[in-house]
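# Coordinates in review
Listed below are the residues making up each chain.
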Amino acid sequence: MWSLVFHQAMRRRARTGAVILAILVASVSFALLTSAVATSRLAVEGTVDQNFRGAYDILVRPVGSANSIERSQNLVQQNYLANVYGGITTDQLRTIQKIQG
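Residue positions are counted from 1 within each chain, in the order its sequence is given. Per-residue local features of the predicted model are confined to residues with pLDDT of at least 70, and side-chain atom pairs are confined, for both listing and counting, to 80 or more; whole-chain, interface and lining totals are unaffected and use all residues. Side-chain metrics in this entry use all non-hydrogen atoms of the structure; hydrogen atoms and water are not considered.

### A short note on the overall build of the protein
- Runs of H or I in DSSP of at least four residues are treated as helices and runs of E of at least two as strands, each being numbered from the N terminus. A count of helices and strands for the protein gives four helices and zero strands.
- Across the protein, helices and strands are ordered from the amino to the carboxyl terminus as α-α-α-α.
- Partly exposed residues are those whose accessible area sits between 20% and 50% of the maximum for their type, while under 20% is buried and over 50% is exposed, using a 1.4 Å probe and protein chains only. A burial count over the protein gives 2% of its 101 residues as buried.

Here's what the structure looks like:
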């Protein structure tokens, strides 16, 4: 079987060369595209990390407003304002604003 493949390749040299060239071009193109995507991804992640800012600097909520998931993971849900009513007084806000840092 291999001898048949070899003889066909030798008889059709132009076709064999074109197939080998096409495989080489496809391999190099794939490698270049893969590296370009990885570079773009790093650039986007770096830009987002540098410019990300949370929705608040300090979050003050009523005592007991954290649910069990927030307490166990030490995180605040994204929609925390949707289920919490009330808040701090104006005097408490002024006290917080006076804190350095």
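Here the narrative resumes, following the displayed structure.
### A short note on the side chain of Glu70
- Positionally, Glu70 belongs in helix H3 (residues 68–73).
- Looking at Glu70, the relative accessible area reads 7%, which means it is buried.
- The contact criterion used is simple: two residues touch if any of their non-hydrogen atoms lie within 4.5 Å. Discounting chain neighbours no more than four positions away, the residues touching Glu70 are Arg61, Ser65, Leu75, Val76 and Gln77.

### Some thoughts on the pattern of salt bridges
- Salt bridge, as used here: a side-chain nitrogen of Lys or Arg that lies within 4 Å of a carboxyl oxygen of Asp or Glu. Scanning the model with the defined rule gives one salt bridge in all.
- In this structure, Arg94 engages Asp91 in a salt bridge whose closest nitrogen and oxygen atoms are separated by 3.5 Å. Linking Arg94 with Asp91, this pair stays in helix H4 (residues 90–98), spanning three residues, or about one helical turn.

### Overview of a nonpolar patch on the surface
- Residues Leu21, Leu24, Val25, Val28 and Leu32 make up a contiguous nonpolar surface patch of roughly 470 Å² in combined accessible area.
- By secondary structure assignment, the location of Val28 is in helix H2 (residues 13–51). Residues forming no salt bridge and having over 30% relative accessible area are the ones grouped into patches, like charges within 9 Å of each other and nonpolar side chains (Val, Leu, Ile, Met, Phe, Trp, Tyr) within 5 Å. Surface exposure here means Shrake-Rupley accessible area, sampled with a 1.4 Å probe, where a residue is shielded only by the protein chains that are shown.

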